Amino acid sequence: MRIPTIVANWKMNTNLADALILAESIKNGTEDLENIEIVLCPPFVWLYPMAEKLEKILGKKIKLGAQNAFWENEGAYTGEISPKMLKNLCEYVIVGHSERRNHLKETDEMINEKVHAVLRSGLKPVVCVGEYKMMREEKKGRGRPDKIAMSSNILNQLKASLERVSKNMISNVVIAYEPIWAIGTGHAATGSYAAQIINSIREKIYKMYDWDTATDIRILYGGSVNAENISEFVRQPEIDGVLAGGASLKAKEFVKMCQEMA
Ligand code: PGA
């Protein structure tokens, strides 16, 4: 059973007071919801106070995640945070977000190292993959992915990010399909289009591992998801949840999204 999952990527937003209020409001607003997983990913520095604030309920429905981690556990790496440091603070780590690929020039190789480091520490990576340009068929609004652009891009990123990840470990991985053209633009992909790409990702996992692995792995959609359009994604059986940026900073909207998903 793939548990429906909603990841809130707060990016470099909030101050401590806002973060705690937001977390509290999400906690209160989602108390009645069952069988979903909510992963809040604040900036690193709010993880500890949030873990304290949410202590009693953490680990059940609401989990914490980091937005990044380095691939070594310690050493002379100024400014970096290691998976070992995050180990008791959170359960998930977003790896390979397009904003890091773009602004920090993270490569598939670096992302693969990070995936391994996160898994070695017993944490779960949320591995992001996605293409830069809107594919031809999505532009026409017919919601059919362009096969060539897709295989040369998304599936290669996927394969490179998961290089040498064993069958035992892959069950701790969550994948997020995030078309870069949809992130922060207000132009989400169509639900059917996202479902088709996610289906191809699942097929690729099947080829790389096996049927059980492909059936069990959670694959999310991310890119301008909000309370208005979330149902378009979560009603697709292929899509196991969403990764939200902007909309996850608004308590009411995010709670509504959790309700829609549940
Ligand atoms: P967005 O961000 O929801 O604001 O488009 C998604 C993301 O960056 O993961």
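Going by the structure above, here's the rest.
Cut-offs used in this document
- Residues numbered from 1 in each chain as written.
- Predicted model: local features only at pLDDT ≥ 70, side-chain atom pairs only at ≥ 80, totals over all residues.
- Heavy atoms only, no water.
- Near = heavy atom within 4 Å.
- Polar contact = N/O pair within 3.5 Å; in protein donor to acceptor, adjacent residues only side chain to side chain.
- Areas by Shrake-Rupley, 256 points an atom, 1.4 Å probe, with all protein chains shown as cover.
- Nonpolar A, V, L, I, M, F, W, Y, C, P; charged D, E, K, R; others polar.
- Disulfide = S-S within 2.5 Å.
- Buried < 20%, exposed > 50% of the residue type's maximum accessible area, 1.4 Å probe, protein only.
- Pairing = 2+ DSSP bridges.
- Helix = DSSP H or I, 4+ residues; strand = E, 2+ residues; numbered from the N terminus.
- Axes fitted to C-alpha atoms, helices over the stretch in contact; angles between N-to-C directions.
- Contact = heavy atoms within 4.5 Å.
- Phe/Tyr/Trp six-rings, centres within 6.5 Å; stacked < 30°, edge-to-face > 60°.
- Expected span 1.5 Å × (residues − 1).
- Arc of directions from axis to C-beta.
- Left-handed = near helix turned anticlockwise from the far one by under 90°.

Draft legend 1. Fine view of the site of the ligand. In the vicinity of the ligand there are 14 residues, among which Lys11, His97, Glu178, Gly184 and Ser224 approach most closely. Within the backbone of Ser224, a nitrogen or oxygen atom sits 2.7 Å from an oxygen atom of the ligand. Contact distances for the ligand include 2.9 Å between an oxygen atom and a backbone N or O atom of Gly246. Starting from 280 Å² of accessible surface for the ligand in isolation, the protein chains cover 95%. Residue composition of the shell around the ligand, grouped by class: four nonpolar, seven polar and three charged.

Draft legend 2. How the structure looks around the state of the cysteines. Throughout the structure, instances matching the rule amount to zero disulfides. The thiol of Cys41 is unpaired, and the distance to the nearest cysteine sulfur, on Cys90, comes to 8.0 Å. For Cys41, a relative accessible area of 1% corresponds to the buried category. Distance from the sulfur of Cys258, which forms no disulfide, to the nearest cysteine sulfur (Cys41) is 13 Å.

Draft legend 3. Structural view of the sheet that holds strand E1 (residues 5-9). Spatial ordering of the closed barrel is given by E1-E2-E3-E4-E5-E6-E7-E8, a layout of eight strands whose pairing is parallel. Averaged over all adjacent pairs, the angle separating strand axes in this sheet is 25 degrees, with direction ignored. Against the sheet, helix H2 (residues 44-53) engages strand E2 (37-41) and strand E3 (62-66), with an angle of about 155 degrees to E3. Here helix H13 (residues 251-261) sits on the sheet in contact with E1, E2 and strand E8 (241-244), set at roughly 165 degrees to E1.

Draft legend 4. Here's a closer look at the packing of aromatic side chains. For the structure on display, the rule yields six aromatic pairs. An angle of 45 degrees between the planes, with centres 4.7 Å apart, marks the rings of Phe70 and Tyr77 as tilted. For Phe70, a relative accessible area of 8% gives the class buried. Summarising the aromatic geometry, the rings of Tyr206 and Trp211 are spaced 5.7 Å apart at their centres and angled 85 degrees between planes, so their arrangement reads as edge-to-face. Connected via pairs of aromatic rings, a cluster forms that spans Phe70, Trp71 and Tyr77.

Draft legend 5. Main features of the side chain of Arg101. Looking at where Arg101 falls in the secondary structure, it is placed in helix H4 (residues 98-103). Once residues within four sequence positions are removed from consideration, Arg101 is found in contact with Gly96, Glu106, Asp108, Ile111, Cys128, Val129, Gln157 and Ser161.

Draft legend 6. The arrangement of unusual backbone geometry in detail. Phi is positive for Asn35, which is not a glycine, with a value near 55 degrees. Within the element layout of this structure, Asn35 appears in the loop between helix H1 (16-29) and E2. The exposed category is assigned to Asn35, whose relative accessible area is 59%. Positive phi, normally seen in glycine, also occurs at Arg164, with a value near 65 degrees. Here Arg164 lies in the loop between helix H8 (154-161) and helix H9 (167-170). Accessibility expressed as a relative area gives 58% for Arg164, which makes it exposed.

Draft legend 7. View of H1. Its 14 residues place the ends of H1 20 Å apart at the C-alpha level, agreeing with the 20 Å of an ideal helix rising 1.5 Å per residue. Buried residues of H1: Ala19, Leu22, Ala23, Ile26 and Lys27, and no others. One face of H1 carries all of its buried residues, which in axial projection span an arc of 135 degrees. The inward-facing, buried residues of H1 abut E2, H2, E3 and H13. Where H1 starts, the residue carrying a side-chain oxygen 3.2 Å from the main-chain nitrogen of Ala17 turns out to be Asn15.

Draft legend 8. Quick peek at the packing of H1 against H2. Axis separation between H1 and H2 bottoms out at 10 Å; the angle between their running directions is 35 degrees. By crossing handedness, the relation of H1 to H2 is classed as right-handed. Two secondary-structure elements touch here, H1 through Leu16, Ala19, Leu20, Ala23 and Glu24 and H2 through Trp46, Pro49, Met50 and Lys53. Classifying every residue of the contact of H1 with H2 by side-chain character gives seven nonpolar, no polar and two charged.

Draft legend 9. Structural detail: the environment of Asn13. With respect to the helices and strands, Asn13 occurs in the loop between E1 and H1. Residue Asn13 is classed as partly exposed on the basis of its relative accessible area of 32%. Setting aside anything within four residues of it in sequence, one finds Asn13 in contact with Pro43, Trp46 and Leu249. Within polar-contact distance, the side chain of Asn13 engages the backbone oxygen of Trp10 at 3.0 Å.

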